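As a plain string of letters, each chain reads:
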Amino acid sequence: MNNVNLLKHTDDVNALLARYGVKFGIYKNNEFKEQLFPFDAIPRIIEHDEFVYLEKGLKQRVTALNLFLKDIYSDKKIVRDGVVPEDFIFASSGYMVECEGVCPVKGIYSHISGIDLVKGKDGQWYILEDNLRVPSGASYPMIARELCRRSSPGTFNDVRLEDNRNYAKLLRRTMDNVNVGGHTVILTPGRYNAAYFEHSYLAEQTGAHLANGSELIVENDKLYFITADGKHERVGAVYRRISDEYLDPMNFNPESVIGIPHIYDVFRKGNVALINAPGNGIADDKGIYYFVPKMISYYLGEEPILQNAPTYLPFYEEDMKYVLDKFDSLVLKDVAEAGGYGVVFGSSMTMEQKESFIKLLKAEPRRFIAQEVIDFQDLDILEGDDMVPRKADLRAFVLMADEPLVWKSGLTRFSRNPDSFIVNSSQGGGFKDTWVLSQ
Amino acid sequence: MKKLHFDYCMEIRYSADVSWCCYTIKCIPKDSDRQKISNIKIDMIPETKAEWATDSHGNRYIYGSNEIPHSYFKYHIKGDAECGCATHESVATETEEMIYRHSHGITDPGERLREYMESIRASMPSFDDLRSLDKAKQIMERLHGYLVYEKGCTGIGTGAEEAFSIGRGVCQDYSHIMISLLNMSGCSARYVTGLIIGEGESHAWVEVVDDGKWYGLDPTNNILVQDSHIKIGCGRDATECQINRGIMHGGGEQTQDIYVNVSEISPGQSIISRGALF
């Protein structure tokens, strides 16, 4: 493969990414800092057959997660049948009572799911976590592919590669599928959001309106877009890049100034589609993760194709015993935290830290999960002229339109710190394009 | 059983014009096994087109927005209620039992409430064997004796643990604390907004599930909810059934006045002639 030529262009591609505003905004010590999202030109390559397997597993998982959400906010059969304990639903911060009895258009909750996977040294893929609220990241490999093609066209001549620039088409199909009549809008909190580049890029690529909260208004139980000349035009679907909490100050956090008052009242009546639906936090909770394989069997009557990392719930006495026994070999995660925060390795704690952590664990067992540390495969990245191995994961994007669609690419994130397992962009990692071979 | 006439009137006066506002008002009592509502009349100033809806707790509400500049806002609802038609409020669904069995946020217990719960259990070894309604009566009785009714010590966002630590509060705090204790006892319990016979303000109490039915208990007054209470709405806590919520642009300083009157209709008095007073 003619990678060598592409690698020579690493700096050009990064310069272009900077020019396009491919940045990540991070709030640290109350200060907003934008930093570039470093691109590594060595792609992650996934063989055709391997991706066929992933695709099947991802469709299965996201289908089950959608059924779970629908069930939780209506009949709650999975709880009644004792598969998931009540405590993990109704006492969870991800559960939104406001969603009880409200059915989104066509019963779809997670239209866009970002599923994080890693490949172990044993060659086995493991699911690390599901992101069903507002998963971001698809735009980065999209634009990176575009820019790589531009800087090194020869590289792509003899590779049988799935084109990943069709993400916009898949997204449009997903949004159109639930649009109840009117414009499709991408709702952004604005330019100071970490993913603003992505919002504007996806709007441009899908042909949707890019709007902030003040450009949308509720009237007569419907949602309208205020055009430049002041007309109010009906909106049928909103791909909102605002978290549930800030979406509607009249129904959720009253302090929100980026939301739209009463948009949830309109949604409740089925007069607008919200993408993703509010309330999804109950399904991508780290505590619920443990139950996803059980969900697949429960709703689909199938064996899960993709495996979870081996996970223990200290909530169960048996698991608690195991966790205390094997403490040093496990990674512990606070279910309420995201973005790589609230993750601690048993082995890296001092005796004192360990003692106080175990005390907390015993007091609030529901709050934590424990996992075996997966020894995942390193990927090479370019540091100067040297290739060095780094930890990397893969965020696969699964879209739920009239059928589940898996984007034949994904965001590969790597840790730039050789000793770190945490690849989140908010923690300063970089990214790669993900090449899925077409044969 | 009592026949009651009720009046709830909220007025907000602004020192400057409000150029835009939106509001959600959850203040429309509805029929249950215990109460039958009739002759409802709603007045709003300024008059706007309001939408009707029902939230996830089953509360009916109206919402809308208003672009006409105004410095006065009024919501006035009146009607009649026949109360005490049954001892329970309504039938509890299995879903409701699940949703309201777990405390969260405002009703989450802290160390003090956990200790208090333990002390209740210690003083009454048979507590855990009681049926829910009897647990609720025990808790209500003790809580009523423990907490001092006093306005101004707590606010809208005060949690159960905090109010309990302060040791003083109003109907909202009595209710939040009681819900927290009931949830710790394994009971499904929820917060209720409503009106009580007499003149004054809106009121709050608690409902608990016993044998598949919701029963009302009023911990502020240490009484069961029978024929002197008119239920308006419910939720897991006060924020979920807040009577009035709004956002406005402009308006300057605002003062809110709430007037509530619930009185018994004497047998000879016709409902119609009372209505004519307005």
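Residues numbered from 1 in each chain as written. Chains lettered and ligands numbered in written order. Predicted model: local features only at pLDDT ≥ 70, side-chain atom pairs only at ≥ 80, totals over all residues. Heavy atoms only, no water.

1. Brief notes about the domain arrangement of chain B
All names here are of chain B.
So, point 1. Along its sequence, chain B is organised into domain 1 (2-84 + 242-275) and domain 2 (90-240).
So, point 2. Look at where the C-alpha atoms of domain 1 and domain 2 centre, and you get two points 25 Å apart.
So, point 3. Listed as interface residues are 28 residues of domain 1 and, on the opposing side, 26 residues of domain 2.
So, point 4. Of all residues in domain 1, the largest losses of buried area upon contact with domain 2 belong to His 57, Gln 242 and Val 260, amounting jointly to 28% of the total for that side.
So, point 5. We note a salt bridge from Lys 2 to Asp 227, for which the minimum N-O separation is 3.3 Å.
So, point 6. On inspection of domain 1 and its partner domain 2, the count reaches 12 residue pairs in polar contact (both at pLDDT 80 or more).
So, point 7. Every element with two or more residues in the side of domain 1 that touches domain 2 is listed here: β1 (2-25), β2 (35-45), β5 (70-83) and β16 (254-264).
So, point 8. Of all the elements, β16 adds the most residues to the side of domain 1 that touches domain 2, at 6 residues. (Domains from an automatic or database assignment. Contact = heavy atoms within 4.5 Å. Buried area = accessible area lost by both parts, 1.4 Å probe. Salt bridge = Lys/Arg side-chain N within 4 Å of Asp/Glu carboxyl O. Polar contact = N/O pair within 3.5 Å; in protein donor to acceptor, adjacent residues only side chain to side chain. Helix = DSSP H or I, 4+ residues; strand = E, 2+ residues; numbered from the N terminus.)

2. Thoughts on helix α6 (residues 139-151) of chain A
Residue and element names in this part refer to chain A.
So, point 1. The terminal C-alpha atoms of α6, which comprises 13 residues, lie 18 Å apart, in line with the 18 Å expected from a rise of 1.5 Å per residue.
So, point 2. The buried fraction of α6 amounts to 10 of the 13 residues, a majority that puts the element mostly inside the structure.
So, point 3. Those residues of α6 that sit buried are Ser 139, Tyr 140, Pro 141, Met 142, Ile 143, Ala 144, Arg 145, Leu 147, Cys 148 and Ser 151. (Expected span 1.5 Å × (residues − 1). Buried < 20%, exposed > 50% of the residue type's maximum accessible area, 1.4 Å probe, protein only.)

3. Some details on the pairing of strand β4 (residues 60-66) of chain B
Residues and elements named next belong to chain B.
So, point 1. The element β4 is largely enclosed, with a buried count of 5 among its 7 residues.
So, point 2. Direction of pairing for β1 relative to β4: antiparallel, over a ladder of 5 bridges. Each bridged residue has a counterpart across the sheet, and for Ile 25 the counterpart in β4 is Ile 62.
So, point 3. Relative to β4, strand β3 (residues 51-54) runs antiparallel, the two being bridged by 4 bridges. (Pairing = 2+ DSSP bridges.)

4. Some remarks on the packing of helix α2 (residues 111-123) of chain B against helix α5 (residues 171-184) of chain B
Residue and element names in this part refer to chain B.
So, point 1. The N-to-C vectors of α2 and α5 enclose an angle of 60°; their axes lie 10 Å apart at closest approach. One element, α2, and the other, α5, form an angle in the oblique class. Considering how the two elements wind past one another, α2 and α5 form a crossing that is right-handed. Two secondary-structure elements touch here, α2 through Leu 113, Arg 114, Tyr 116, Met 117 and Arg 121 and α5 through Ile 177, Ser 180, Leu 181 and Met 184. (Axes fitted to C-alpha atoms, helices over the stretch in contact; angles between N-to-C directions. Parallel < 35°, antiparallel > 145°, perpendicular 65-115°, else oblique. Left-handed = near helix turned anticlockwise from the far one by under 90°.)

5. Observations regarding the nonpolar core
So, point 1. Formed by 130 residues in total, the largest nonpolar core has its most connected members in Ile 89 and Tyr 167 of chain A.
So, point 2. Ignoring sequence-local partners within four residues, the contact set of Ile 89 of chain A consists of Phe 68, Ile 72, Val 79, Val 84, Tyr 95, Ile 282 and Ile 288 of chain A.
So, point 3. Membership of the second largest hydrophobic core comes to 32 residues, among which are Met 124, Phe 127, Tyr 215 and Ala 238 of chain B. (Core = buried A, V, L, I, M, F, W, Y, C linked by side-chain atoms within 4.5 Å.)

6. Here we look at the pattern of salt bridges
So, point 1. Applying the stated criterion to the full structure yields 48 salt bridges over all chains.
So, point 2. For Lys 432 of chain A, the salt bridge goes to Asp 40 of chain A, with nearest N and O atoms at 2.6 Å. Taken as a pair, Lys 432 of chain A in strand β21 (residues 430-436) and Asp 40 of chain A in strand β3 (residues 39-46) lie far apart in primary sequence, 392 residues in all. Considered together, Lys 432 of chain A and Asp 40 of chain A belong to a single accessibility category, that of buried residues.
So, point 3. Arg 190 of chain B serves as the salt-bridge partner of Glu 96 of chain B, at 3.7 Å between the closest nitrogen and oxygen. Pair noted here: Glu 96 of chain B is in helix α1 (residues 94-99) and Arg 190 of chain B is in strand β9 (residues 189-196), with a separation of 94 residues, a long-range link.
So, point 4. You can call Arg 190 of chain B buried: its relative accessible area is 2%.
So, point 5. Because the salt bridges share partners, they merge into one network encompassing Asp 116, Asp 393, Arg 395 and Arg 413 of chain A.

7. Some remarks on the interface of chain B and chain A
So, point 1. Listed as interface residues are 28 residues of chain B and, on the opposing side, 30 residues of chain A.
So, point 2. In total, about 2300 Å² of surface goes out of reach between chain B and chain A, with carbon and sulfur atoms giving 52% of it.
So, point 3. When the buried surface of chain B facing chain A is broken down by residue, Tyr 63, Met 98 and Arg 245 of chain B rank first, second and third, together holding 26% of it.
So, point 4. The interface formed by chain B and chain A holds 2 salt bridges in total.
So, point 5. Here Arg 80 of chain A makes a salt bridge to Glu 94 of chain B, at a shortest N to O gap of 2.8 Å.

8. Points about the confidence of the model for chain B
All names here are of chain B.
So, point 1. When pLDDT is averaged across chain B, the result is 94; 96% of the residues are at 70 or more.
So, point 2. A low-confidence stretch, residues 270-278 stays under pLDDT 50, and its non-local contacts, those more than four residues away or across chains, total 12 contacts.
So, point 3. Taken over the whole predicted complex, pTM reads 0.93, whereas the ipTM for its chain interfaces reads 0.92. (pLDDT = per-residue confidence, 0-100.)

9. Examining the packing of aromatic side chains
So, point 1. A complete count under the given rule lists 32 aromatic pairs over all chains for this structure.
So, point 2. Every member of this aromatic cluster is reached through a ring pair, and the members are Phe 37, Phe 39, Tyr 140, Phe 197, Tyr 201 and Phe 431 of chain A.
So, point 3. In this arrangement the basic side chain of Arg 191 of chain A is found over the ring face of Tyr 192 of chain A, its NZ or CZ atom lying 5.0 Å from the centre.
So, point 4. When the ring centre of Trp 214 of chain B is taken as reference, the NZ or CZ atom of Arg 190 of chain B above it lies at 3.9 Å. (Phe/Tyr/Trp six-rings, centres within 6.5 Å; stacked < 30°, edge-to-face > 60°. Lys NZ or Arg CZ within 6 Å of the ring centre and 35° of its normal.)

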